Every structure is written in C-alpha cells, then in structure tokens.
Amino acid sequence: MSEFLVSLLGERLVDSEQAEVDVQALGGRLSLVGLYFGCSQNAPCKQFNASLCEFYSKFKKTSEHKDKLEIVFISSDQDQKHWQDFLQEMQWPALPFKDRHKKMRLWNKYKVTSVPSLVFVDAATGKVVCRNGLLVVRDDPKGLEFPWGAKPFAEVMAGPLLRNNRQAADSGSLEGHYVGVYFSAHWCPPCRSLTRVLVESYRAIKESGQKFEIVFVSADRSEESFQQYFSEMPWLAVPYSDEARRSRLNRLYGIQGIPTLILLDAEGHMITRQGRVEVLNDPGCLLFPWHPRAVLELSETNAVQLHEGPCLVLFVDAEEEGELEPAKELVQPVALKLMAASKAKDEEMPLLFFVAGEDDMTDSLRDYTNLPEAAPLLTILDMSARAKYVRDVEEITQDVVDQFVSDFLDEKLKPEPI
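Attention in this report is confined to the structure presented alongside it. (Residues numbered from 1 in each chain as written. Predicted model: local features only at pLDDT ≥ 70, side-chain atom pairs only at ≥ 80, totals over all residues. Heavy atoms only, no water.)

Observations concerning a negative patch on the surface
- On the surface, Glu-300, Asp-317, Glu-319, Glu-323, Glu-358, Asp-359, Asp-360, Asp-363, Asp-367 and Glu-373 cluster together to form a negatively charged patch.
- On the secondary structure map, Glu-358 appears in the loop between strand E16 (352–356) and helix H13 (360–369). (Patch = residues over 30% accessible without salt bridge, like charges linked within 9 Å, V, L, I, M, F, W, Y side chains within 5 Å. Areas by Shrake-Rupley, 256 points an atom, 1.4 Å probe, with all protein chains shown as cover. Salt bridge = Lys/Arg side-chain N within 4 Å of Asp/Glu carboxyl O. Lys, Arg positive; Asp, Glu negative; His and termini not counted. Charge placed at Lys NZ, Arg CZ, Asp CG, Glu CD. Helix = DSSP H or I, 4+ residues; strand = E, 2+ residues; numbered from the N terminus.)

Focus: the packing of helix H1 (residues 2–9) against helix H5 (residues 100–109)
- With their axes 9 Å apart at the nearest point, H1 and H5 run at an angle of 105° to one another. For the element pair H1 / H5, the angle class is roughly perpendicular. Residues Ser-7, Leu-8 and Leu-9 of H1 form the contact with H5, whose participating residues are Lys-102, Arg-105, Leu-106 and Lys-109.
- Classifying every residue of the contact of H1 with H5 gives 3 nonpolar, 1 polar and 3 charged. (Axes fitted to C-alpha atoms, helices over the stretch in contact; angles between N-to-C directions. Parallel < 35°, antiparallel > 145°, perpendicular 65-115°, else oblique. Contact = heavy atoms within 4.5 Å. Nonpolar A, V, L, I, M, F, W, Y, C, P; charged D, E, K, R; others polar.)

Thoughts on the side chain of Ser-247
- Summarising the element assignment, Ser-247 is placed in helix H10 (residues 243–252).
- A relative accessible area of 4% means that Ser-247 is categorised as buried.
- Those residues in contact with Ser-247 that lie beyond four places of it in its chain are Leu-135, Arg-138 and Asp-139. (Buried < 20%, exposed > 50% of the residue type's maximum accessible area, 1.4 Å probe, protein only.)

Digging into the nonpolar core
- If you look at the biggest cluster of nonpolar residues, it comprises 27 residues, and the most contacted ones within it are Tyr-36, Leu-52, Phe-73, Trp-92, Phe-120 and Trp-148.
- Elements with a minimum of two residues in this core: strand E3 (32–38), helix H3 (43–62), strand E4 (69–75), helix H4 (80–87), strand E5 (117–122), strand E6 (128–130) and helix H6 (133–139).
- If you tally residues by element for this core, the top one is H3, at 6 residues.
- Dropping the residues within four chain positions of it, Phe-73 is found in contact with Tyr-36, Gly-38, Cys-39, Trp-83, Phe-86, Leu-87, Met-90, Trp-92, Pro-93, Ala-94 and Leu-95.
- Residues Leu-324, Ala-327, Phe-353 and Phe-404 belong to the second largest nonpolar core, which totals 26 residues. (Core = buried A, V, L, I, M, F, W, Y, C linked by side-chain atoms within 4.5 Å.)

Everything listed is a geometric property; what it means functionally is a separate question.
Written out as structure tokens, the structure reads:
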C-alpha cells in the first residue's frame, strides 16, 4: 500500500507549517485518500475548504475509522504565497508547490475538470471509490457512511418516480431497460438545447422497439422551475422533493457539470458518460446504445472531450467524412489495445483518440495550440496542462503511433507549451 502511495504522490508531502510528511509512513495505516483539487483564489474553493475543515476535524475526533482516511491538497495556484496562506487553513498535507508535474498527472488520471473537487481513492490501488466528495461532505457530515463506495444503480435509484402527467411509477419499472440518467436544469441554456434534441432521440429509440427509458435528475432551484421544465419531457423523473436521492445519484456518477447524460445497460452497468455527445453526434440514433468507440472523428459536438484529459489527435488532409477512414484504421489497433488494457484493470482510458480532417473547427484548434500546418500530423494534446506533444516523422505508421503512445504513457516525451 505504501509503495503505491509513493508512486502516486511522491515520497514527501508538506503540512501547513511546510514540514515534510513521509508518504511511506503515512500509507501504512490508510485505506482511503481524499484528493482535494483546489485553488486559493477561487471563491467556491474557499467556501468548500471551510466545510471540509469542519468535516475533517469531526471525523478525526469521533469516527472509529479516523486513522483510515487522509486528505491531500493538490493546488492549481500559480503564486506560492497565496498557496502558503491557503495551506495554513488546512489540517491535512499537500503536494509540494513546485511539484507541478505530479499535480498535472493527478488531474489527468482522475479526470478533474473543475475546482473544488474531492475524489476519494483506494489507498492500495488508486481506484476511484467516490468521485464527488463534495457531496459526501455535505450529505454525510458525521462520516457514518465511510468509505462512501459506489452502490448498485438499482439500490440508489430505488423509490417512486414521476411522469409529467403526475402519474407515479416505480424504479422497478426500469428493470431490463437501457437507462439514460439525465442531470439537467431549466436555468442552464445548454441543458434546454440538449433536451429538445433528446426528446426526438428518445421517441425514435422507443419507436424502434428498444427497451429504453430516461430518468431526469433535476438541478433546478425550485419546485416550480422543475415542474415547468419537466412538463417538456416525455420520460420519468426523480421527485424534486427527494433531494437525498438526487444527491446520491450525483454522487454515484461523480457529476461535475450539467447537462450530463449517463447511459446504462439493462443490468445497470455504465455504457458511457458521454450521452450528450452521442445524442448530438447521432441524431438518427443509429449507433444506440452508444458503446464507446476506440477512435472518434473530431467534430464540434465532441470537441468538448479534448478538455477531459490527454487526447491523441491525428490531423490528416481530408475534407469529407469518408476520407478519414484510412486514418481511423491506422490508429484503431493502438486505441483498441489500450482500451482492452484499461478495461482489464477496471480503469478509465488514460488517452482518448481522434482523427481530424480539414474544417473551420480543426483550423481553430491548430491555431489555438500553435501546431504546424503539416498533414498528416501526429499529436497528443493535454489542454488542462496546456501541453502538446508532436511526433515529427516523414511517414506515420501504426508502429509509429504505438511507440508514440507508449512513450507518452511512460512519461518519456518532453512537452511543448500550448
């Protein structure tokens, strides 16, 4: 266990007084680590930090599991003085300020897209136990549900559901269905735009004979807003008054932003978190139930995934959709191999794969990342780290792609700034 934590966090952390904390010694007693991603200059972080301090203090004083949990602060601060001042408000250790490389590795490994974020991971394996620790701090202030591991979908969803004609249904009616768990709110313009498209997709899938249902989990700010929004939806919803169940579902899927559409299979296992992208990319629902594909064609609708972690992008000289097929076939074996390895370890893909042709969006991406105009061009883009990696070779082959990916994962490549 200690060896793994050293590989994850390094040999030394620092406490609020800048004293060193030995990770080897720390790891010997822990079963759970809370990775707290934050920034001293972010108002929500300041607010959450106060809540986390109260939670942590109570847990360490009263919980029978007090020695099994530690929090580690991972800062995105750019100013060391601000970081030091913020650290003095904390009762737990932090990654050293200068260890930027390890910070970015953790941001990418755990797919953190915003702060504050608190991810609970198994201290022996690093696997995510609970992605949305902010809700743990809010909903379980005494730490009674430690270690906050994921429960089966059917158990978390259990209870009455609503239809917009005010008729009741039961969560048991979802059994044997593909299920879309739709986190959305009326006040959010992208949510309302997606809902209009999703209504058409829902009807098309139902008319095709598929056993499919959607459950709306509202993030609206009032019962009235919920009712107004839900009146536009032909599917089911968790009652707005059942705040505890809505929060448990947010916690189960680590929801960090809306709209989010989670797709589940008939056994309640996740197919994809990218339901929003799939719905917008596949208006005819021809690829439903949208199992993950190894390689995607970069488009305006899926470009948002470039910000969710490192992405390999092969730029090619192609203006029509069909012209991208040879590029996809080149990259596909490498992507499939990595997908299989990640699945075997029950881990998320450490790298997403795209091919990009010639269009305005691709031109904008090249301009933003300051890439050369060459095509084909093999790159890995890490937007959160503002880093890029470019393999400049005369001919791009499958072996070249494979070696490029291996070198990146083994941290042998030197990044260039974006």
